[in-house]
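Architecture and fold: a report
So you can see what is in the structure, the chains are spelled out below.
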Amino acid sequence: MAYTSSFHLPKHLLLPSSRRTRHSRPSSFVSVPVPAAANKINGGVNGHHAPEKPAPNGKAPQHINAHGKKGVNGQGAKKGVNGHVNGHTDRIHLSVSTGGGGGGRQDGSGLRVAFQGAPGAYSEFAAKTALPGCETVPCRAFADALAAVERGAADRAVLPVESTMEGTALRNYDLLLRHGLVVVQEINLFVHYCLLAMPGVRAAEVRRVISHPMALAHCGRALARLGVDPEPVEDTAGAVEMLRSERMLDTAAIASPRAADLYGLDVLAHGLQDESWNVTRFLLLSRPPVAAPPVDAAAAGAKTSMVVAHRGGSMMVVLKVLSAFSSRNINLTKLEVINNDGAAAAGSGAGARPSVMILDTSARGAPTLRAFPHVLYVDCEGAAHDPRVREAIQEIETFAVFVRVLGCYAADSTVYDLQ
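The structure contained in this document is the topic of the report that follows.

Procedures and definitions
Residues numbered from 1 in each chain as written. Predicted model: local features only at pLDDT ≥ 70, side-chain atom pairs only at ≥ 80, totals over all residues. Heavy atoms only, no water. Core = buried A, V, L, I, M, F, W, Y, C linked by side-chain atoms within 4.5 Å. Buried < 20%, exposed > 50% of the residue type's maximum accessible area, 1.4 Å probe, protein only. Helix = DSSP H or I, 4+ residues; strand = E, 2+ residues; numbered from the N terminus. Contact = heavy atoms within 4.5 Å. Pairing = 2+ DSSP bridges. Axes fitted to C-alpha atoms, helices over the stretch in contact; angles between N-to-C directions. Parallel < 35°, antiparallel > 145°, perpendicular 65-115°, else oblique. Left-handed = near helix turned anticlockwise from the far one by under 90°. Nonpolar A, V, L, I, M, F, W, Y, C, P; charged D, E, K, R; others polar. Disulfide = S-S within 2.5 Å. Polar contact = N/O pair within 3.5 Å; in protein donor to acceptor, adjacent residues only side chain to side chain. Phe/Tyr/Trp six-rings, centres within 6.5 Å; stacked < 30°, edge-to-face > 60°. Salt bridge = Lys/Arg side-chain N within 4 Å of Asp/Glu carboxyl O.

1. A few points about the nonpolar core
With 58 residues, the main nonpolar core has Leu 195, Leu 196, Val 209, Leu 223, Ile 254 and Leu 272 as its most contacted residues. Top contributing element to this core by residue count: helix H1 (residues 122-130), with five residues. In contact with Ile 254, other than residues within four places in its own chain, are Tyr 193, Cys 194, Leu 195, Val 209, Ile 210, Ser 211, Ala 215, Leu 216, Cys 219, Leu 223, Thr 236 and Leu 272. Membership of the second largest hydrophobic core comes to 29 residues, among which are Ala 114, Leu 176, Leu 285 and Tyr 377.

2. Topic: the sheet that holds strand S17 (residues 266-269)
Reading across the sheet, the five strands line up as S15-S14-S16-S13-S17 and stay open at both edges, with mixed pairing between neighbours. Two strands bound the open sheet, and with one partner strand each, they are strand S15 (229-232) and S17. Going across the sheet, the axis of each strand differs from the next one's by a mean of 35 degrees, ignoring polarity. The sheet contact formed by strand S13 (residues 194-197) and S17 spans three bridges and is antiparallel. Bridge pairing in S17 places Ala 197 opposite Asp 266.

3. Considerations on the packing of helix H8 (residues 314-326) against helix H10 (residues 387-397)
Viewed as axis vectors pointing N to C, H8 and H10 meet at an angle of 155 degrees, and their least axial separation amounts to 9 Å. Classified by the interaxial angle, the pair formed by H8 and H10 is roughly antiparallel. As for the relative orientation of H8 and H10, their crossing is right-handed in sense. Residues Val 321, Ala 324 and Phe 325 of H8 form the contact with H10, whose own contacting residues are Ala 392, Glu 395 and Ile 396. Considered class by class, the residues forming the contact of H8 with H10 number five nonpolar, no polar and one charged.

4. Quick notes on the state of the cysteines
A full pass over the atoms with the stated rule returns zero disulfides. Left without a disulfide partner, Cys 380 is nearest to the cysteine sulfur of Cys 408, which lies 8.4 Å away. Exposure remark for Cys 408: the relative accessible area of 21% places this residue in the partly exposed category.

5. Description of unusual backbone geometry
Residue Arg 247 is not a glycine yet carries a positive backbone phi of 50 degrees. Here Arg 247 shows up in the loop between helix H6 (236-245) and strand S16 (251-255). Judged by relative accessible area, Arg 247 falls into the exposed class, the value being 54%. A positive phi angle is found at Asn 329, which is not glycine, with a value near 60 degrees.

6. Considering H6
Taken residue by residue, H6 has Thr 236, Ala 237, Gly 238, Ala 239, Val 240 and Leu 243 as its buried positions. Looking at the buried residues of H6, the elements they touch are H1, S13, strand S14 (208-211), helix H4 (213-218), S16 and helix H7 (257-263). Two or three places before Ala 237, at the opening of H6, Asp 235 has a side-chain oxygen 3.2 Å from that residue's backbone nitrogen. In the stretch just after H6, Arg 247 is the one whose phi turns positive, near 50 degrees.

7. Comments concerning the packing of aromatic side chains
Under the counting rule described, the total for this entry stands at three aromatic pairs. With a centroid separation of 5.7 Å and an interplanar angle of 85 degrees, the aromatic rings of Tyr 122 and Tyr 193 are classed as edge-to-face. Of the two residues, Tyr 122 sits in helix H1 while Tyr 193 sits in the loop between strand S12 (182-190) and S13, which places them 71 residues apart along the sequence. Per residue, the accessibility class of Tyr 122 equals that of Tyr 193, and both read buried. With a centroid separation of 5.6 Å and an interplanar angle of 15 degrees, the aromatic rings of Phe 372 and Phe 402 are classed as stacked.

8. Details of the pattern of salt bridges
Side chains bearing opposite charge may pair, as long as their charged atoms lie close to each other. The tally for this structure, following the rule as stated, stands at 15 salt bridges. Across the pair Arg 208 and Glu 231 runs a salt bridge, and its minimum N-O distance is 2.9 Å. Note that Arg 208 is positioned in strand S14 and Glu 231 in strand S15, a separation of 23 residues in sequence. With its nearest N and O atoms 3.6 Å apart, the salt bridge here joins Glu 275 to Arg 221. You can see Glu 275 sitting in the loop between S17 and strand S18 (279-286) and its partner Arg 221 sitting in helix H5 (residues 220-226), a full 54 residues away along the chain. The class for Glu 275 is partly exposed, based on a relative accessible area of 27%. Given the relative accessible area of 41%, Arg 221 is considered partly exposed.

9. Some points on the side chain of Arg 281
Counting through the fold element by element, Arg 281 comes out in strand S18. Its relative accessible area of 8% is what places Arg 281 among the buried residues. Among the polar contacts listed, one links the side chain of Arg 281 to the side chain of Glu 186, at a separation of 3.0 Å. At a separation of 3.0 Å, a polar atom in the side chain of Arg 281 contacts the side chain of Tyr 409. Non-local contacts of Arg 281, meaning those with residues more than four positions away in its chain, are made with Leu 159, Pro 160, Val 161, Glu 162, Tyr 173, Glu 186, Ile 187, Asn 188, Lys 303, Lys 334, Asp 379 and Tyr 409.

This is how it looks when you write it as C-alpha cells:
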C-alpha cells in the first residue's frame, strides 16, 4: 500500500494586500517543539478585514456572497466582503517559521529563468520575485523547464513543490529527484485567485470557467456558488491567453490580478480561493556546481535539503534520522515520508504509486536512475558543509541505502504577495 505522511509542512498564512509586499516573521512567536527535532509552526490569527481594492481598468469588482447573490460595489450583495467570494472576511495569519525574512532574494540581472506556463503564470511571478531583473523563459511542461537548464538554454528553473492547501500533492519533488539539478533558492508566494473576463462581460453572463486543474480545485466552493462549469487547461496564464485570443464572451478564467493587467482583462471577483490562506513554496534549481556563492555555514537562515532512501524498516529509519539531527541540536523544517511497496503498488488499484526514481549523481560513469520503495524528504537548518550537518549526514549514510543532498541555500521565510 502506498501512502505519504508529512511530519512538518510550514503554513505561511497572511492577508493579500493591494501591492506586492514582503511579510516577515513577527518579532515574537511561540514555537511548539516536536520530539526528535521536528519543529511545529503556529500561526497567529486576527479578525481584521482586507482593505478595499479597485479592480484593474477602473472596473468595480464583482461581489459574490455565500448565498450566490451578486452585486457591484456592494449593491445587492448582503454579505459580499471587499470583492471576495468566500462568504467570510479575510483573516490575517502571521507567518511564523524559522529562518530570516527575505534572506533568499538575489539580483537576477542577466539570469534566464525557465518556468512552466505562459507569461503571467504564478511560477513566472515567483521567479521575478526571487530574482528581480531576471529574464523569464516560458516552457510547456515542468520537465521542459528543467531540461532547458540542463542543456544551457536557461540558468535557473522555478518549480512549485508544495502548498498550504495541497501539501506536497504537487509531486514535483519526484521530478526534481529524476534530474541532476541542485536547489539554490526558495520563495514563498501568496496565491491570490481572481475571476477574469473579457472587458465589458458581466458575471451573470459567464457560463464556463477555465484554469489549471489545481486552481479550479482551490476555488471549488466559489465556482459552485457561481453555478458555472469548470474546464481544466494547462495553466492559469494559458487560460487567460486563450480567453483573450479567442475572445470568449461566455467564459471566465481563474488567474492572478497581475495576469489581468498583463492581458487587459476585467476582474469580476477577488479572493476566489476557498480558504483565505493559500501559499505555494517554489524552489529554484541550477546546474551543479552552483554559480552563486556558497551559503555561509555560520550565516543565520541557511538550509539544506536532502533525500534519504532505504529498502525496509521505515519507522526505524525515521527514528534514526531524527536522532542523527536531534543529537546535534539541528532543527528540521521538513520531514516527509513516502512508503511504497513495489510489489503491492504494481497490482493494487487507485492510489498506488510505483517506487520513487532517484538519479544517482555520485555513481561512477554516467548518472544512473535507481528505484526505491521508501524515501524521506528532509530539510534541516544549517549549511551542508557545517560540521554538525555534515556529521549528521555521515551518520545517516551508515544505515540508509542512499543519501543525496538536493541543495544548500539561504532560507527565506518571507511570504511575498503579488496582488
